[in-house]
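One-letter residues, chain by chain:
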Amino acid sequence: MMGCTYTLVAIGYCLFFGVLDVVVFCCGDIAMFGAFGIVGAYTVLYSAGLFGALPLPLFVLLLLLIAAILCAALGLVSYYVSIKPFERSSTLMPLLSTIALGTVIKEALGLVFQPAINGMAAAVTNPAVPDPKTVVGGRNPQAMPSLIAAGGSMVQRNITIILIMVVILAVLFLFLNKTKMGLSMQAISQNKELAFMTGMDVKKIIVITFVIGGLLLSVGGFVLGSYQTIIRFDGGTLYGTKGFSAAVVGGLKSTWGAVIGGMLLGFVEVFAAGLIPGGTQWQNIIAFVVIIIFIVFKPEGIIGEKTIEKV
Amino acid sequence: MKDRWNFKLSAPAIVACNILISVLAHLIIVMPFVPSMAIMVAAVVIILIMDRYGAVNEIFDSYIAHKKVAVVSGAVCLVVIPISLTSQNYAAQIACTAVVYMIACLGLNFQMGSTDMTNFAPAAFMGLGAYGVGVAVKHFHVSPWVGVLIGVAAAVAFGFVIGLPTLKTKGYYLSLVTMAIQLAFTQIIYITPFLGGQGGLTDLASSGGRFTLFGLSLYKRYTVAGIRFAPQIPYLIFCGVVLVLLTYVAMRVYFTKSGLSLNTIAQDEIAANCMGIHVSKQKLFAFVIGGVFCSIAGSLYAGLDAYVGPDTYNFSKSLMLICMVILGGMDNSIGIIVGTFLLTVISEKLRDVGDFQQLVYGAILVIMLIVRPNGIIPKRVRNYCAVTGRTIQKNVLKAAKAKAGKPAGDKG
């Protein structure tokens, strides 16, 4: 389950890194933005009386659509604000600027979504088992409306999440390998200059990549929110870092590597929580240790070519 | 290049300049939000305009030329600013916080500015120092000075531990390692009851957590000549002295061969390696010395707040320190001090207005990176001859004059 959520963010990182060779560190925050977009839209639509009027799947789709549009727009903003100005400068600049942008997104969420606004939504949803870490000391722990299998069991919800995941992967796979746009994205990922020479509109494709990444991340935020049941404005930092770690573990340029890495990271965490006594507290730490070990000893990832730096 | 202003400040002018800077600093700290911001913006704009015509560098050169006057008048100002705050607790608190952050940022600069390794864990290093003091006071019931030593020792060890992966990684990977370490640090403290867990170690003051010097408490309300001073004032003076010492160390390191090597690694690591610079050793050195600076800052912060908690030393604090270094100007100690001062004051004054601190940091960082990625006072062009002393410098200049038309060995 954790693996699924990490995988979505990891794919986002892979898409961006593949096309632009930069790491967009605000992925986690964009996903969080999507989750909060759903919460906000839910509150607005609920008060508009749409909740009962529409059948639930349609309602969920509507919410997802709103979140997807918001995230895609934010993806574009992050490209124009934090990536484009630094195309020709050192690699650290986009890194810092995306992190800073992530902070801005995060804090804006914290300011807009005060707990009082969402009191109603929290009352409506059935209180599932809240993760204690997300509740203690939070500025705005928001209850995520339990949209997937409302009233159903945890198992049902988990299966739904895995299904969503598989569908998304299938669509992404088809898109990347069967459509012209997807193939051009792969071409740019392999060699930007050559792709440009063969007449591809590189700029357009980069922009489209950010839109698609935004869509993916909105689903990621939706899945994460549904899984954790309670979301916080600053959840994106941890989530994004782990997504990036998953991408690195898998190999930064490969989409399948991201899937494997995400699953691996998820399994490590769950096993740490399950097998070690008192391991729930340690799961994040163990995940980070795994990441550090991976970066130090196999920085090119599971699937990925070793690069040797030349002068 | 536009026409540059060529002028040298005389000794009295330097004293006047120091007084002007102190008055500005005093006003910025003491004034309420709006006028304080106005003065700050005006000062930054003036600095930027002056820098455009090269005047800031001229002033630096004049300061170096009249070193003694500058140092003595600066020291006087350093004592006068804290005393001028008299009984204003809050202003003194802001000033203290600013000084502590300045020390941490100087440490971070060794890694970020000099060597171009973005370290996302300076707050973890600060935390080491702070928890050193906290543990020493709370669990071992010894003086906080012992805590400082514990913190420094921990920072050296931790610097090695962080430094080792950096020998193998760079760029994004290095950033990720340090980020993971920072996040893991917070998580580890959360779950360690010995370190107070999420609540942190509170009420250090009652267990003797305040620093004392020669039997005098550095955090106490003193009444001198009928004026009641805020309790932070002596501590502020003490922190200021530490800051000056550490700034001196940082500047000395900048001018040694080690500092030069760090800059070389920043520009091209492979070339540096080929030129016989021991890259791993220098990188470890940057991490260790930066860690020690941050740890000292953390210890001082613990002494100021009498509280050590995991949320004080989390990822956003690291981000804040990075933001300060970038705003001030990487690889320029004075610039960093200015940037840290401005940002600390902005954020502390914003506290009255609302919970915007992090938002403002993020926004300032984005804007600065786009508009002026080098910071308010960017790094100066290195005078490479200064490394080995003045005689050689003269010889090189002579040689340069002999080869008319060719510039001396400045890379620019």
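Residues numbered from 1 in each chain as written. Chains lettered and ligands numbered in written order. Predicted model: local features only at pLDDT ≥ 70, side-chain atom pairs only at ≥ 80, totals over all residues.

1. Focus: the overall build of chain B
Part 1 of the reasoning: The helix and strand tally for chain B stands at 16 helices and four strands.
Part 2 of the reasoning: A separation threshold of at least 6 residues defines the contact pool for chain B, and within that pool the share at least 24 residues apart is 75%. (Helix = DSSP H or I, 4+ residues; strand = E, 2+ residues; numbered from the N terminus. Contact = placed C-beta atoms within 7 Å.)

2. Some remarks on the overall build of chain A
Part 1 of the reasoning: For chain A, the helix and strand inventory stands at 14 helices and two strands.
Part 2 of the reasoning: Split into buried and exposed, the 311 residues of chain A put 47% on the buried side.
Part 3 of the reasoning: Put simply, 76% of the contacts in chain A that link residues at least 6 apart link residues at least 24 apart. (Buried ≥ 20, exposed ≤ 12 C-beta atoms within 10 Å, placed from the backbone.)

3. Some points on the interface of chain B and chain A
Part 1 of the reasoning: Each side of the interface is counted separately: chain B has 32 residues, and chain A has 38 residues.
Part 2 of the reasoning: Looking at the side of chain B that touches chain A, the elements that each hand over two or more residues are α7 (144-168), α8 (172-190), α13 (315-328) and α15 (357-371) of chain B.
Part 3 of the reasoning: Per element, the largest residue contribution to the side of chain B that touches chain A is eleven residues, and it comes from α8(B).
Part 4 of the reasoning: Of the residues that constitute the side of chain B that touches chain A, the class distribution is 22 nonpolar, eight polar and two charged. (Nonpolar A, V, L, I, M, F, W, Y, C, P; charged D, E, K, R; others polar.)

4. Examining helix α9 (residues 232-255) of chain B
Part 1 of the reasoning: The end-to-end C-alpha distance of α9(B) is 34 Å, a good match for the 34 Å that 24 residues give at a rise of 1.5 Å each.
Part 2 of the reasoning: For α9(B), the set of buried residues is B:Gln232, B:Ile233, B:Pro234, B:Tyr235, B:Leu236, B:Cys239, B:Gly240, B:Leu243, B:Ala250, B:Val253 and B:Tyr254. (Expected span 1.5 Å × (residues − 1).)

5. Overview of the nonpolar core
Part 1 of the reasoning: Within the largest apolar cluster, 191 residues are counted, with the highest numbers of intra-cluster contacts made by A:Tyr13, B:Val100, B:Ile103, B:Ala104 and B:Cys323.
Part 2 of the reasoning: Here this core spans two domains, and each of domain 1 (1-84) and domain 2 (87-380) of chain B adds at least three residues to it.
Part 3 of the reasoning: Those residues in contact with B:Ile103 that sit more than four places away from it in its chain are B:Val242, B:Leu243, B:Leu246, B:Phe293, B:Ile296, B:Ala297 and B:Leu300. (Core = buried A, V, L, I, M, F, W, Y, C linked by C-beta atoms within 7 Å. Domains from an automatic or database assignment.)

6. A few points about helix α6 (residues 122-138) of chain B
Along an α-helix, residues three or four apart share an orientation, since each turn contains 3.6 residues.
Part 1 of the reasoning: Under the 1.5 Å per step criterion, the end-to-end length of α6(B) is 24 Å for 17 residues, consistent within 8% with the ideal 24 Å.
Part 2 of the reasoning: Counting buried residues along α6(B), 17 of its 17 residues qualify, which places the element largely inside the surrounding structure.

7. Observations regarding the packing of α6(B) against α8(B)
How two helices pack is summed up by the angle between their axes together with the distance between the axes.
Residue and element names in this part refer to chain B.
Part 1 of the reasoning: Relative orientation of the contacting elements α6 and α8 amounts to 40 degrees, with a least axis distance of 8 Å. Considered as vectors, α6 and α8 are oriented oblique to each other. From α6, Ala 123, Ala 124 and Gly 127 reach across to α8, where they touch Ile 181, Gln 182 and Phe 185.
Part 2 of the reasoning: A per-class count over the contact of α6 with α8 returns four nonpolar, two polar and no charged. (Axes fitted to C-alpha atoms, helices over the stretch in contact; angles between N-to-C directions. Parallel < 35°, antiparallel > 145°, perpendicular 65-115°, else oblique.)

8. Quick notes on the environment of B:Ser114
Part 1 of the reasoning: Within the secondary structure layout, B:Ser114 lies in helix α5 (residues 89-114).
Part 2 of the reasoning: Along the primary structure B:Ser114 and B:Lys379 are separated by 265 residues, whereas in three dimensions their C-alpha atoms are 9.8 Å apart.

9. Focus on the packing of helix α1 (residues 11-30) of chain B against helix α2 (residues 33-52) of chain B
Residue and element names in this part refer to chain B.
Part 1 of the reasoning: Interaxial distance between α1 and α2 falls to 8 Å at its minimum, and their mutual angle equals 145 degrees. Helix-helix and strand crossings are classified by hand; for α1 and α2 the assignment is left-handed. Counting all contacts with α1, which are made through Leu 24, Leu 27 and Ile 28, the residues of α2 involved are Ser 36, Ile 39, Met 40 and Ala 43.
Part 2 of the reasoning: Across the contact of α1 with α2, the residue classes tally to six nonpolar, one polar and no charged. (Left-handed = near helix turned anticlockwise from the far one by under 90°.)

10. Considerations on the confidence of the model for chain B
Part 1 of the reasoning: In the predicted model, chain B carries a mean pLDDT of 77, and 83% of its residues have values of at least 70.
Part 2 of the reasoning: Put simply, helix α16 (residues 390-402) of chain B is where chain B has its lowest mean pLDDT, 57, and helix α12 (residues 279-305) of chain B is where it has its highest, 87. (pLDDT = per-residue confidence, 0-100.)

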